[in-house]
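# A look at the structure
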Amino acid sequence: MILSFAILSVLYLVFLGVLAYLGVGYIPIAIIASLMVLAQWYFSDKIVLWSSGAKVVTKDQYPRLHAIVERLAAENGLPMPKIAVMNTQVPNAFATGKSPKSAVVAVTAGIMNTLDDDELEGVLAHELTHVRNRDVLVITLASLFSIVAFSLMRFGLFSSMFYGGGYGYYGGGRNSNNGAGAMVIIIVVAAVTWLVSFLIIRAISRYREFAADKGSAQMTRKPEKLASALLKISGKMKAAPQRELEQAASLNTFFIIPALSKSSLSNLFSTHPPVEERVRRLMEMQSLLK
């Protein structure tokens, strides 16, 4: 994590240094993009619940679910999160919220029908670890300049298409040829910054999944149950209807296992490590408990 953020910091300093050298008025773009990120972070739980169709449920509606989460939260000194259920048979779970006090832990109807109590406990402990570690905040901070770079790249392409690449008012009187050349450099630098940031953020996300698996094992002392749950979820996912996978795919970053459709490009830039590697590490933790 420290190495990843150090690389991102150096990358962004180089990126901003090139823009400053070229005389680009990047500050307004950075402010606008930053406000977009802050709005996304502040409203993240509401946005995710709305887009997923998950509904917050009461203890009377889902006593089994509430009992497991209440016990895990109490044993680990966490505030009781809201609990939501998605009405889909794709087995999965996710957590969102900018802090433990505003957290929401959601599961699908499919995962409750697929897992036994110990396996479900392992999955819920994984999601509570995301809450405890403030992973939504971590990924938001890591994504900040990536979004700035993407916004600037898109702005540069838009300017090139509609204004012929001229950008004299940014460059303090540069002629049109110099302006066009500077615009090309800006677009290339922004594109490289965005791509490298994108890959590093994906690496951070994969690491956070390993950390959440480890946290689940520490909370429950039953890492083999989470391993069993991951294998069951993965197996059911492969057999799920394509239509349901496509409907759930927008939440892949949040899910414990991505609901990858057969046509999804997420396989190339995964936010999650391979299930086999996660299971292997969990079973190693299990062997240490014996």
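Rules and cut-offs
- Per chain, residues are indexed from 1 in the order of the written sequence.
- Per-residue local features of the predicted model are confined to residues with pLDDT of at least 70, and side-chain atom pairs are confined, for both listing and counting, to 80 or more; whole-chain, interface and lining totals are unaffected and use all residues.
- To get the side-chain values, take all heavy atoms of the structure and skip hydrogens and water.
- Starting at the N terminus, helices and strands are each numbered in turn, a helix being any DSSP run of H or I of at least four residues and a strand any DSSP run of E of at least two.
- Three labels apply to residues, based on accessible area from a 1.4 Å probe with only protein chains included: buried if under 20% of the type maximum, exposed if over 50%, partly exposed otherwise in between.
- Between two residues, a contact is recorded if the distance between any of their heavy atoms is within 4.5 Å.
- Reported accessibility uses the Shrake-Rupley method at a 1.4 Å probe radius. Residues are deemed covered only where the shown protein chains occlude them.
- Here a polar contact means two N or O atoms within 3.5 Å. Within protein one must be a hydrogen donor candidate and the other an acceptor candidate, and residues neighboring in sequence count only if both atoms are side-chain atoms.
- UniProt positions are given in the numbering used here, feature names are shortened, and annotations may be inferred rather than shown by experiment.
- Without a salt bridge and with relative accessible area above 30%, a residue can belong to a patch; like charges are then joined within 9 Å and nonpolar side chains (Val, Leu, Ile, Met, Phe, Trp, Tyr) within 5 Å.
- Basic side-chain nitrogens of Lys or Arg form a salt bridge, by our definition, when they fall within 4 Å of a carboxyl oxygen of Asp or Glu.
- Residues belong to a common nonpolar core when they are buried Ala, Val, Leu, Ile, Met, Phe, Trp, Tyr or Cys residues joined through side-chain atoms within 4.5 Å.

### Here we look at the overall build of the protein
From N to C terminus, the protein includes 12 helices and 4 strands. Of all 290 residues assigned to the protein, the portion counted as buried reaches 48%. In the protein, 70% of the contacts between residues at least 6 apart in sequence involve partners at least 24 apart. For the protein, the accessible area works out to roughly 14,500 Å², and carbon and sulfur atoms hold 64% of it.

### Considerations on the side chain of Asp213
Structurally, Asp213 can be placed in helix α9 (residues 176-220). Given a relative accessible area of 2%, Asp213 falls into the buried group. A polar atom in the side chain of Asp213 sits 2.8 Å from the side chain of His126. In this view, Asp213 contacts His126, Leu226, Leu230, Arg278 and Leu282; residues no more than four positions away in its chain are not counted.

### Remarks on the environment of Met219
Here Met219 shows up in helix α9. In this structure Met219 comes out as buried when scored by relative accessible area, which is 9%. With 94 residues separating them along the chain, Met219 and Ala125 place their C-alpha atoms 6.6 Å apart.

### Some points on the UniProt feature "active site" (unreviewed entry) in the protein
Per the UniProt entry, the sites bearing "active site" (unreviewed entry) are Glu127 in this numbering. Setting aside residues up to four positions removed in sequence, Glu127 forms contacts with Ala93, Phe94, Ala95, Val105 and Ile256.

### A look at a nonpolar patch on the surface
Residues Val184, Val188, Val192 and Val196 make up a contiguous nonpolar surface patch of about 300 Å² in total accessible area. Positionally, Val192 belongs in helix α9.

### Some points on the nonpolar core
Formed by 51 residues in total, the largest nonpolar core has its most connected members in Leu65, Val107, Ile111, Val123, Leu124, Leu230 and Ile233. If we skip the residues at most four places from it in the chain, Leu65 touches Ile83, Val85, Val107, Met112, Leu120 and Leu124. Formed by 8 residues, the second largest nonpolar core is a distinct cluster that contains Leu11, Ala142, Ile200 and Ile201.

### Comments concerning the pattern of salt bridges
The full count for this structure, using the stated rule, is 12 salt bridges. As a salt-bridge pair, Lys222 and Asp118 come within 3.1 Å of each other at their nearest N and O atoms. Of the two residues, Lys222 is situated in the loop between α9 and α10 (223-239) and Asp118 in helix α6 (residues 117-132); the sequence distance between them amounts to 104 residues. Take Lys222: its relative accessible area is 27%, and that puts it in the partly exposed class. One salt bridge connects Arg280 with Glu277, and the closest N-O pair in it is separated by 2.5 Å. Of this pair, Arg280 and Glu277 are both found in helix α12 (residues 275-289), 3 residues apart, which corresponds to roughly one turn of the helix. A residue is classified by how much of its surface remains accessible, and Arg280, at 39% relative accessible area, is partly exposed.

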